[in-house]
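Residue-level listing of the chains:
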Amino acid sequence: MDNLGFGKVLLVEDDERLAGLIAHFLSQHGFEVLQVHRGDLALAAFLDFKPKIVVLDLMLPGQSGLHVCREIRSVSDTPIVILTAKEDDLDHILGLESGADDYVIKPIKPPVLLARLRALQRRQTPDSTVCSSLEFGHLSIDRSCREVRLAGEGIELTTMEFELLWLLASAAGKILSRDDILNRMRGIAFDGLNRSVDVYISKLRGKLKDNPREPVCIKTIWGKGYLFNPFAWEL
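- The name given to the chain in an unreviewed UniProt entry is Winged helix-turn-helix domain-containing protein, with the source organism recorded as Pseudomonas migulae.

Structural data, given as structure tokens:
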């Protein structure tokens, strides 16, 4: 057993055999796993167990995984990884729009799930050897306490939203392609169909009050990617 795990993981999966296999694998790698097999029991279990991460199936009895995701996200920014048997890109987008941070497609390969959880863990643990705060006009980003303030007002971001903002802001004035973003945030290549980056960019723009029709703070450079404008945050 190692100590690189998240600690507590809430696993919401109605297939008890699959849940048992996942829980056993994760427990061998330093995680404490609580299994829940119904969607309508997930929020209560989350509030009682206080996990560091949630692994959530989308197809659940009692309450859908998307509903559970929205419930958890309304009370916490704890990272959520959704499990889906659908390869339809729309299904993944719905999960991300509901507040999920990542997704894994069934049939699940436990080492892949473990790698995703550890990647989220690394993003939650800032490197103390690098810059921990950035300021652009009235926008401030503090990685040490994971705080974003816009004109003095705190902005609530999910883990993935914060990391995307940090990535873009750290490369202010430079264009980052979807390949760049996905490779640096999830370690996978952009497959040409995955629209998760677009979803997160849209959510960030909304929370940072950037005009979605004519964005000037996080600009779309057609055919190339996205650019964080360091000069667009002045009062």
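Focus: the overall build of the chain
Then comes step 1: Along the chain, the regular secondary structure elements total 8 helices and 12 strands.
Then comes step 2: Out of the 235 residues in the chain, the part that is buried amounts to 49%.
Then comes step 3: Considering only intrachain contacts with a sequence separation of at least 6, the fraction spanning at least 24 residues in the chain is 60%.
Then comes step 4: Of the roughly 11,600 Å² of accessible surface on the chain, 52% is carried by carbon and sulfur atoms.

Topic: the side chain of Glu 161
Then comes step 1: Tracing the chain through its elements places Glu 161 in helix α6 (residues 159-170).
Then comes step 2: The exposure class assigned to Glu 161 is buried, which follows from its relative accessible area of 1%.
Then comes step 3: Within the local environment of Glu 161, its side chain forms a polar contact with the backbone nitrogen of Thr 158, the two atoms lying 2.9 Å apart.
Then comes step 4: Excluding residues within four positions of it along the chain, Glu 161 makes contact with Glu 156, Tyr 200, Lys 203, Leu 204 and Lys 207.

Some points on the pairing of strand β6 (residues 133-136)
Then comes step 1: Burial along β6 is one-sided: the face carrying Leu 134 and Phe 136 is buried and the face carrying Ser 133 and Glu 135 is not.
Then comes step 2: When β6 meets strand β7 (residues 139-142), the two strands line up antiparallel, connected through 4 bridges. From the neighbouring strand, Phe 136 faces β7, where its bridge partner is Leu 139.
Then comes step 3: In this structure, the hairpin formed by β6 and β7 is closed by a connection of 2 residues, where Gly 137 is found at a positive phi of approximately 60°.

Points about the nonpolar core
Soluble globular proteins tend to pack their nonpolar side chains together in the buried interior.
Then comes step 1: Counting residues in each nonpolar core, the largest one holds 53 residues, and the members touching the most others are Val 148, Leu 168, Ile 181, Leu 208 and Phe 228.
Then comes step 2: In terms of residues, this core owes the most to one element, α6, which gives 8 residues.
Then comes step 3: Core analysis: the next-biggest nonpolar cluster, separate from the first, contains 19 residues, Leu 10, Phe 46, Leu 56 and Ala 100 among them.

Brief notes about the sheet that holds strand β8 (residues 147-150)
Then comes step 1: Ordered by their spatial adjacency, 4 strands build an open sheet running β6-β7-β8-β9, and the pairing between neighbours is antiparallel. The outermost strands of the open sheet, each flanked by one partner alone, are β6 and β9 (153-155). Ignoring which end each strand starts from, the neighbouring axes of this sheet average 20° apart.
Then comes step 2: Direction of pairing for β8 relative to β9: antiparallel, over a ladder of 3 bridges. From the neighbouring strand, Leu 150 faces β9, where its bridge partner is Glu 153.

What about the sheet that holds strand β4 (residues 80-84)?
In any sheet, the strands associate via hydrogen bonds between backbone groups, in a parallel or an antiparallel arrangement.
Then comes step 1: A sheet is described by the order of its strands in space; here 5 strands give the open sequence β2-β1-β3-β4-β5, paired in parallel fashion. With one partner strand each, in any of the chains shown, β2 (32-36) and β5 (102-105) form the two edges of the open sheet. Within the sheet, the average angular offset between the axes of one strand and its neighbour, ignoring direction, is 20°.
Then comes step 2: For strand β1 (residues 8-12) and β2, the ladder comprises 5 bridges, and the chain directions are parallel. Bridge pairing links Val 12 to Val 36 in β2.
Then comes step 3: Contacts from helix α1 (residues 16-27) reach β1, β2 and β4, with the element oriented near 170° to β2.

Considerations on α1
Then comes step 1: Here α1 is 12 residues long and its end C-alpha atoms lie 16 Å apart, about the 16 Å a rise of 1.5 Å per residue gives.
Then comes step 2: Where α1 is concerned, the buried positions are Leu 18, Ala 19, Ile 22, Ala 23, Phe 25 and Leu 26. One side of α1 carries all its buried residues, which in axial view fall inside an arc of 165°. Away from the buried face of α1 by more than 90 degrees, exposed residues Glu 16 and Arg 17 are located.

Digging into unusual backbone geometry
Then comes step 1: Of note, the amide linkage connecting Lys 106 to Pro 107 takes the cis form, showing an omega dihedral of 0°.
Then comes step 2: Mapped onto the elements of the fold, Pro 107 is located in the loop between β5 and α5 (110-124).
Then comes step 3: The backbone phi angle of Lys 209 is positive, close to 60°, even though this residue is not glycine.
Then comes step 4: Mapped onto the fold, Lys 209 is located in the loop between α8 (196-207) and β11 (218-221).

Criteria and cut-off values
Residues numbered from 1 in each chain as written. Predicted model: local features only at pLDDT ≥ 70, side-chain atom pairs only at ≥ 80, totals over all residues. Heavy atoms only, no water. Helix = DSSP H or I, 4+ residues; strand = E, 2+ residues; numbered from the N terminus. Buried < 20%, exposed > 50% of the residue type's maximum accessible area, 1.4 Å probe, protein only. Contact = heavy atoms within 4.5 Å. Areas by Shrake-Rupley, 256 points an atom, 1.4 Å probe, with all protein chains shown as cover. Polar contact = N/O pair within 3.5 Å; in protein donor to acceptor, adjacent residues only side chain to side chain. Pairing = 2+ DSSP bridges. Core = buried A, V, L, I, M, F, W, Y, C linked by side-chain atoms within 4.5 Å. Axes fitted to C-alpha atoms, helices over the stretch in contact; angles between N-to-C directions. Expected span 1.5 Å × (residues − 1). Arc of directions from axis to C-beta.

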